[in-house]
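Residues per chain are reported as follows:
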Amino acid sequence: MTDTAVLSAEPTPEELKLAYRVAVRSRATEEHIVRLVSRGEVKFAIWGPGEEVHGTATALALSRVTDPGRFGIVPHYRSGALCGMWCELNGREGFTLDVLRQQFSRATDLMSQGRQMVYHLDMREAGILPVQSPVGMQLGKAAGYAMGFKVKGVKDGLTMGIIGDGTSAEGDLHDALNAASVWSLPFITMVTDNRVAISTTPEEGRGIKDFEAYARGFGVRFFSCDGRDFWQVFQTTLECATYVRDQQAPAFLYVHDLPRFNGHSSAADVTFDLTQDDPLIAFGEALVARGLLRPEEILRRQVGEGRDFFAHHVLGEVMAAENQTVADLIDMVRGEPEPSPDGLMEHIYPPFPQVHEQAGPGQTNISYGGAIRSALDQILSHKNGVIWGQDVARLGGVMQATAGLKAKHPNRIIDAPLNEPLILGTACGAGLHKDLVVLPEIQFGDYTLNAFHWLVHMGNLHWCTAGNSVMATILRTPVDPFGGGAVYHSMSIDGYFTPIPGLVILMPSTSFDVYGLLMTAAEYRGPVVCLEPKWMYRQALGPAFPGEPTEAGEVAALKRSIMRGEVPEIDPSVRVPFGKAALRRAGTDISIVAWGRAVWTAMKAAEQLAADGIEAEVIDLRTLVPPDIEAVVESAQRTGRLIVAAEDRNFAGFVRSIQGAVVDRLPGLPTRALGQKNVPGIAQSLILEDATVLTAEDIAGTARELVDAPAPSHSKAGWSWIPPRYLLG
């Protein structure tokens, strides 16, 4: 069918009757849920009575333009009728049953197994992407999914993100339209306007007075329709979706004058509002006028008493049949099992890649930054990777970690707007594509805090969806104090992010580890955060790579090429496993556990201690989450003493988490946690910076105190006293 034929095609009689049937089924489902809430049978519910006509018309129009393989939608919690109709049109059965199972939090809920509230849909086979409660994030995710289509070369893909008018106050709308405009994304931003946000009116909560002018400010094509009129919604959506698909350009679809009949959710007044006209009744009457339904088949109002929808309406034969089906499904779901607590810990992480680590002999001559560059080159070349972030392309990154990659991969490394939620939010959406690895970079770790919401969502998605969905998204960012970077360019953020369950958090301290861990991360289908200490980028520390040059002339040439921004060649088979610590130095008197730059501070301290006859063991955690606690406990149990040291603050820092985990296993163990001083920031003055950060002298002095003090030792027989070293002669 030509585009002209598509745009001029009216819905068929069969399609109109299907739309009415799906619409009344959706209304019946949600009004039954209102009853369940009123009786206390379910604890919380959220719904969308009033949007059935708009929803079914939208889905029908979309079905004329695309299909689940070329489409992704992140719907709103009021999009039940839209998604139900879309599933019906695309052969995805059981939508209402799935919704009810989620509403009752049953183990049979395949979308979340009791972990999410109703209408947190996740039906990937139908192109319905996972929904989350912070509704503005729908837009960044949908824009990112569109970017994924573009990166993969899909020429007719399109996506849609839906928010209510109240959510237009969120910065997510600006972020998504900025991305859509700059990157020319095939993405529809839909705003459904019922003139209320929970209880806040547009006058109280909506600063955008003219959505058309707002969209045009981004150079985005604007469409608008009356959400109560089935045919107007259908035609406008058809034109909008066809434009986006054919032009591979963004559009803004404003759906106005929608009613909201039962309040925002069960937390509000659930009384059915009879003061508003009902588009569902008008739609039924229009179908009667067209001779497609009989008067006795359609919904109509009657005088009744009470708050309940059913008391004030005659359902008509079509809705009565659907209502009975819904009632039967509710009875069935009531009898289905509750989720078992035994499964609570399932799906926190997708399966980790099983890899083998094999370093070469000697010390590497490849810098940390060069190793990152090489890993990224491999991921872009062989893992369908894509990078976007601040100054990553033309400049090669402020730390030069992406230097040289734009020339090799012109369409796979992209300079992004200076907007951290945009960078990470779109990367999360693109990471939902099962055949992409997305590697966003945020220029300094300090600014990742702008995107904290996205990091939480990255961590919880796999668990919340019972393993159905996950983001293959690897966030890289430079961290820690170094060289007078000052406030907002010097933060250590491991204490902020390590408490987020579900994230794999890396802080490699060697060139070999940062390369091997990034390569492992690219084979992992879950979210990863790689924290890269700024001090490390020009250092060449740790073991050599297999096959690395050793002849002096070749080594010199290798170093010069890396300094020029070229990409070093490294064995592509190198991997480092997640959650496996490395022994940097063996010792018998005290264990020092560290990560990132602090590893090398600890190694310097260990040299100082050795001069005093104290042999310190240095353990490099490498993966912060999940940490290799077993390696730390084993070392501390042998030496009888423990220092945990990091660049971050020790007060409320991740060092305390590691220390506490070990003390839980070895009660009474002499231990200290060290980090930077607990001041609000890192000063620009190098004198003040040096006075703030962790030093080798801090570690060595603390180690001497612990070694010189009486200390218990743990064994199978219990704790015994180890005398201070000065009593041993």
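Residues numbered from 1 in each chain as written. Predicted model: local features only at pLDDT ≥ 70, side-chain atom pairs only at ≥ 80, totals over all residues. Heavy atoms only, no water.

Q: Could you give me a rundown of the overall build of the protein chain, with the residues and numbers involved?
A: Summing up its helical and strand segments, the protein chain has 24 helices and 21 strands in all. Radius of gyration (C-alpha) of the protein chain: 30 Å, near the 27 Å computed for a compact globule of 729 residues. Across its three principal directions, the C-alpha atoms of the protein chain cover 105 × 60 × 45 Å. When each of the 729 residues of the protein chain is scored for burial, the buried share is 61%. Considering only residue pairs separated by 6 or more positions, the protein chain has 79% of its internal contacts joining residues 24 or more positions apart. Carbon and sulfur atoms make up 53% of the accessible area of the protein chain, which totals about 27100 Å². (Helix = DSSP H or I, 4+ residues; strand = E, 2+ residues; numbered from the N terminus. Rg over C-alpha atoms; globule rule 2.2 N^0.38 Å. Buried < 20%, exposed > 50% of the residue type's maximum accessible area, 1.4 Å probe, protein only. Contact = heavy atoms within 4.5 Å. Areas by Shrake-Rupley, 256 points an atom, 1.4 Å probe, with all protein chains shown as cover.)

Q: I'd like a description of helix α7 (residues 171-183), backed by residues and values.
A: An ideal rise of 1.5 Å per residue puts 18 Å on 13 residues; α7 measures up with 18 Å between its terminal C-alpha atoms. Inspection of α7 places Asp 172, Leu 173, Asp 175, Ala 176, Leu 177, Asn 178, Ala 179, Ala 180 and Trp 183 among the buried residues, and these make up the whole buried set. Just beyond α7, the residue with positive phi is Ser 184, at close to 50°. (Expected span 1.5 Å × (residues − 1).)

Q: I'd like a rundown of the sheet that holds strand β2 (residues 158-164), residues and numbers included.
A: Strand order across the open sheet formed by five strands is β1-β2-β3-β5-β4, with parallel pairing between neighbours. Edge positions in the sheet fall to β1 (71-74) and β4 (221-226), since each has one partner strand and no second. For this sheet the average axis-to-axis angle between neighbouring strands, irrespective of direction, equals 15°. Here five bridges tie strand β3 (residues 187-192) to strand β5 (residues 251-256), and the two strands are oriented parallel to one another. Of the residues in β5, the one forming a bridge with Val 191 is Tyr 254. Taken strand by strand, helix α6 (residues 137-152) contacts β1, β2 and β3, and its axis lies near 175° from that of β2. In the packing of α7 onto the sheet, contacts are made with β2, β3 and β5, and the angle to β3 comes to roughly 150°. (Pairing = 2+ DSSP bridges. Axes fitted to C-alpha atoms, helices over the stretch in contact; angles between N-to-C directions.)

Q: Residue-level account of the sheet that holds strand β19 (residues 671-676), with values.
A: Across the sheet, which stays open at both edges, the five strands sit in the order β14-β16-β15-β18-β19 with mixed pairing between neighbours. Strands at the two margins of the open sheet, each flanked by one partner only, are β14 (582-585) and β19. Put simply, the sheet's adjacent strands are angled 25° from each other on average, direction ignored. In the sheet, strand β15 (residues 590-594) pairs with strand β18 (residues 642-649) via four bridges, with the strands oriented parallel. Along β18, the bridge assignment pairs Ile 592 with Ile 643. The strands touched by helix α24 (residues 696-708) are β15, β18 and β19; relative to β19, the strand with the most contacts, the crossing angle is about 165°.

Q: Now, about helix α2 (residues 13-38): what can you tell me, with residues and values included?
A: Taking 1.5 Å of rise per residue, the 26 residues of α2 would be expected to cover 38 Å, and the 38 Å separating its terminal C-alpha atoms lies within 8% of that figure. Most of α2 sits out of view: 20 of its 26 residues are buried.

Q: Just give me the short version of the state of the cysteines, but keep the residues and values in it.
A: For the structure shown, the criterion picks out zero disulfides. We note that Cys 225 lacks a disulfide partner, and the nearest cysteine sulfur, in Cys 240, lies 9.0 Å from it. Among the residues examined, Cys 225 registers a relative accessible area of 0% and is labelled buried. (Disulfide = S-S within 2.5 Å.)

Q: Got a sec to walk through the environment of Ile 423? Specific residues and values, please.
A: Here Ile 423 is to be found in helix α15 (residues 420-430). Using a relative accessible area of 0% as the deciding quantity, one classes Ile 423 as buried. Between the C-alpha atom of Ile 423 and that of Leu 706, which follows or precedes it by 283 residues, the distance is 46 Å. Beyond its immediate chain neighbours, meaning those up to four positions away, Ile 423 contacts Trp 388, Gly 389, Gln 390, Ala 416, Pro 417, Pro 440, Glu 441 and Ile 442.

Q: Quick one: what's the story with the nonpolar core, residue by residue and with numbers?
A: Judged by nonpolar contacts, the single largest core of 83 residues is most densely connected at Tyr 20, Leu 121, Ile 128, Phe 230 and Phe 283. The element contributing the most residues to this core is α2, with twelve residues. Setting aside chain neighbours within four positions, we find Phe 230 in contact with Pro 11, Leu 16, Ala 19, Val 53, Thr 56, Ala 57, Leu 60 and Phe 283. In terms of nonpolar packing, the next biggest core, distinct from the first, is built from 80 residues, Phe 218, Phe 497, Val 625 and Val 644 among them. (Core = buried A, V, L, I, M, F, W, Y, C linked by side-chain atoms within 4.5 Å.)

Q: Account for unusual backbone geometry, with residues named and values stated.
A: Here Val 625 and Pro 626 are connected by a cis peptide whose omega angle stands at -5°. Inspection of the secondary structure puts Pro 626 in the loop between β17 (623-625) and α21 (629-639). A positive phi is found at His 347, a non-glycine position, where the angle reads about 70°. One can find His 347 in the loop between α12 (316-334) and α13 (368-382). Of note, Arg 622 is a non-glycine position whose phi angle comes to about 65°, a positive value. Position of Arg 622 relative to the elements: it lies in the loop between β16 (616-620) and β17.

Q: Any details on the pattern of salt bridges? Residues and values, ideally.
A: Applying the stated criterion to the full structure yields 48 salt bridges. Of the charged contacts, one joins Arg 35 and Asp 308 as a salt bridge, the two residues approaching to 3.2 Å between their closest N and O atoms. Taken together, the positions of Arg 35 in helix α2 and Asp 308 in the loop between β6 (300-301) and β7 (313-314) put the pair 273 residues apart, joining distant regions of the chain. The exposure class assigned to Arg 35 is partly exposed, which follows from its relative accessible area of 31%. In this structure, Glu 705 and Arg 672 form a salt bridge, with 3.2 Å as the shortest nitrogen-oxygen distance. Of the two residues, Glu 705 sits in helix α24 while Arg 672 sits in strand β19, which places them 33 residues apart along the sequence. A network of salt bridges, in which partner residues are shared, links Glu 357, Asp 513, Arg 584, Asp 620 and Arg 622. (Salt bridge = Lys/Arg side-chain N within 4 Å of Asp/Glu carboxyl O.)

Q: So what about the packing of α2 against α12? Which residues, and what values?
A: With their axes 9 Å apart at the nearest point, α2 and α12 run at an angle of 45° to one another. In this view, α2 runs oblique relative to α12, as classed from their interaxial angle. Judged by the twist between their axes, the crossing of α2 over α12 is right-handed. Across the interface between the two elements, Tyr 20, Arg 21, Val 24, Arg 25, Arg 27, Ala 28, Thr 29, His 32 and Leu 36 of α2 pack against Val 318, Met 319, Glu 322, Asn 323, Val 326, Ala 327, Ile 330 and Arg 334 of α12. (Parallel < 35°, antiparallel > 145°, perpendicular 65-115°, else oblique. Left-handed = near helix turned anticlockwise from the far one by under 90°.)

Q: Can you explain the side chain of Thr 692? Please cite residues and give values.
A: Relative to the assigned elements, Thr 692 resides in helix α23 (residues 686-692). Among the polar contacts listed, one links the side chain of Thr 692 to the backbone oxygen of Leu 688, at a separation of 2.7 Å. When near neighbours in sequence (up to four residues on either side) are disregarded, Thr 692 contacts Gln 676, Lys 677, Val 679 and Ile 682. (Polar contact = N/O pair within 3.5 Å; in protein donor to acceptor, adjacent residues only side chain to side chain.)

Q: Describe in detail the pairing of strand β11 (residues 474-479), supporting the description with residues and values.
A: Buried residues dominate β11, accounting for six of its six residues. Residues Ile 474, Arg 476 and Pro 478 point to one face of β11 and Leu 475, Thr 477 and Val 479 to the other, with burial holding for every one of them. Pairing of β11 with strand β13 (residues 528-533), which is carried by six bridges, proceeds in the parallel orientation. Residue pairing across strands places Thr 477 opposite Leu 531, the latter belonging to β13.

Q: Explain the packing of aromatic side chains residue by residue, including any values.
A: Within this structure, the stated rule accounts for 26 aromatic pairs. Measuring from centroid to centroid gives 4.8 Å for Phe 261 and Phe 272, while their planes differ by 20°, and the two rings are stacked. In this pair, Phe 261 sits in the loop between β5 and α11 (279-289) while Phe 272 sits in the loop between β5 and α11, placing the two residues eleven residues apart along the sequence. For Phe 261, a relative accessible area of 1% gives the class buried. Given a relative accessible area of 5%, Phe 272 falls into the buried group. With 5.9 Å between their ring centres and 85° between their planes, Tyr 368 and Tyr 537 make a pair best called edge-to-face. Here Tyr 537 lies in the loop between β13 and α19 (552-563) and Tyr 368 lies in helix α13, a separation of 169 residues in the sequence. Tyr 537 shares its class with Tyr 368; the two are buried. Positioned above the aromatic ring of Tyr 243 is the side chain of Arg 221, whose terminal nitrogen or guanidinium carbon lies 4.7 Å from the ring centre. (Phe/Tyr/Trp six-rings, centres within 6.5 Å; stacked < 30°, edge-to-face > 60°. Lys NZ or Arg CZ within 6 Å of the ring centre and 35° of its normal.)

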